[in-house]
Amino acid sequence: GQNIDQPTEMTATEGAIVQINCTYQTSGFNGLFWYQQHAGEAPTFLSYNVLDGLEEKGRFSAGLRRSTGYSSLLLKELQMKDSASYLCAVNRPRGGTASKLTFGTGTRLQVTL
Amino acid sequence: NAGVTQTPKFQVLKTGQSMTLQCAQDMNHEYMSWYRQDPGMGLRLIHYSVGAGITDQGEVPNGYNVSRSTTEDFPLRLLSAAPSQTSVYFCASSDPRTSSSTEQYFGPGTRLTVT
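Below is a summary of the structure that appears in this document.

### Topic: the pattern of salt bridges
Part 1: Inspection of the entire model under this criterion finds six salt bridges over all chains.
Part 2: Across the pair Lys76(A) and Glu56(A) runs a salt bridge whose closest N-O atoms are separated by 4.0 Å. Of this pair, Lys76(A) sits in the loop between strand E8 (70-75) and strand E9 (84-93) while Glu56(A) is found in strand E6 (residues 53-57), placing the two residues 20 residues apart along the sequence.
Part 3: Salt bridges sharing common partners tie together Arg36(B), Asp38(B) and Arg44(B).

### Regarding the pairing of strand E11 (residues 107-112) of chain A
All names here are of chain A.
Part 1: Covered by surrounding structure in E11 are Thr107, Leu109 and Val111 only, the residues Arg108, Gln110 and Thr112 on the alternate face being uncovered.
Part 2: By the bridge criterion, five bridges tie strand E2 (residues 9-13) to E11 in an arrangement that is parallel. Residue pairing in the sheet places Ala12 in a bridge with Val111 of E11.
Part 3: Note: E9 against E11, three bridges, orientation antiparallel. Among the inter-strand pairings, Ala84 is bridged to a residue of E11, identified as Leu109.

### A look at unusual backbone geometry
Part 1: A cis amide bond, omega -5°, links Thr7(B) with the succeeding residue Pro8(B).
Part 2: The backbone of Glu77(A) sits at a positive phi, close to 45°, despite the residue not being glycine.
Part 3: Judged by relative accessible area, which is 53%, Glu77(A) ranks as exposed.
Part 4: Even without being a glycine, Asn28(B) presents a positive backbone phi close to 60°.
Part 5: Of note, Asn28(B) is situated in the loop between strand E3 (19-25) and strand E4 (31-38).

### Description of the nonpolar core
Part 1: One finds Leu32(A), Trp34(A), Leu73(A), Leu75(A), Tyr86(A) and Leu109(A) to be the most contacted residues of the largest nonpolar core, which totals 22 residues.
Part 2: Elements with a contribution of two residues or more to this core: strand E3 (18-24), strand E4 (32-37), strand E7 (60-65), E8, E9 and E11 of chain A.
Part 3: The residues touching Tyr86(A), leaving out its near neighbours within four places in the chain, are Gln6(A), Ile20(A), Trp34(A), Tyr35(A), Gln36(A), Leu46(A), Phe60(A), Leu73(A), Leu75(A), Gly106(A), Thr107(A) and Leu109(A).
Part 4: Core analysis: the next-biggest nonpolar cluster, separate from the first, contains 18 residues, Met19(B), Trp34(B), Leu78(B) and Tyr89(B) among them.

Rules and cut-offs
Residues numbered from 1 in each chain as written. Chains lettered and ligands numbered in written order. Predicted model: local features only at pLDDT ≥ 70, side-chain atom pairs only at ≥ 80, totals over all residues. Heavy atoms only, no water. Salt bridge = Lys/Arg side-chain N within 4 Å of Asp/Glu carboxyl O. Helix = DSSP H or I, 4+ residues; strand = E, 2+ residues; numbered from the N terminus. Buried < 20%, exposed > 50% of the residue type's maximum accessible area, 1.4 Å probe, protein only. Pairing = 2+ DSSP bridges. Core = buried A, V, L, I, M, F, W, Y, C linked by side-chain atoms within 4.5 Å. Contact = heavy atoms within 4.5 Å.

Encoded structure:
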């Protein structure tokens, strides 16, 4: 992805907690998305952050620290079905009311027994 | 609502052939986009549209054309297929009028192989 960095692969145990980090260039920042993508399927929306802080949604929570260009996705009580790729995407304005999403290459999470 | 639909799901083309990937959404979204996804590259924007009659290029537009004659449909045309266009293609839509987050809804994808 264009100036968006996240680890390529991670492995964690069922029931554990895992944190996936994403760093990005701060210029023109207008929000950050996390998407989940199971193998062979389309990405699905997990969270959106535009201000510093934590957005919690069930077992998943996403944090943002704009000053350092950093976001993290925390997955608690991991389940086997959480094995998927997690995509970080930065929203940047592109003129008028339009905006553009730039995706990182994704982090493939493997949950093991 | 069916959401975002794409056809076909799979396609094999020979080098030099042309074809159109179809995308439709029934959510009355203004914004529609086409991405390609390749291993190790992430999703890359090909073309996008901010409304009927308006289209613009993304990161990797070469070899592709789009048009947006209606709000619902946003077809992607491959003019002369090349092996480098072997990829998974995703169409997405969003509407900033209804969501400040401009969350994108993705179609199921078209897996294209060019031989």
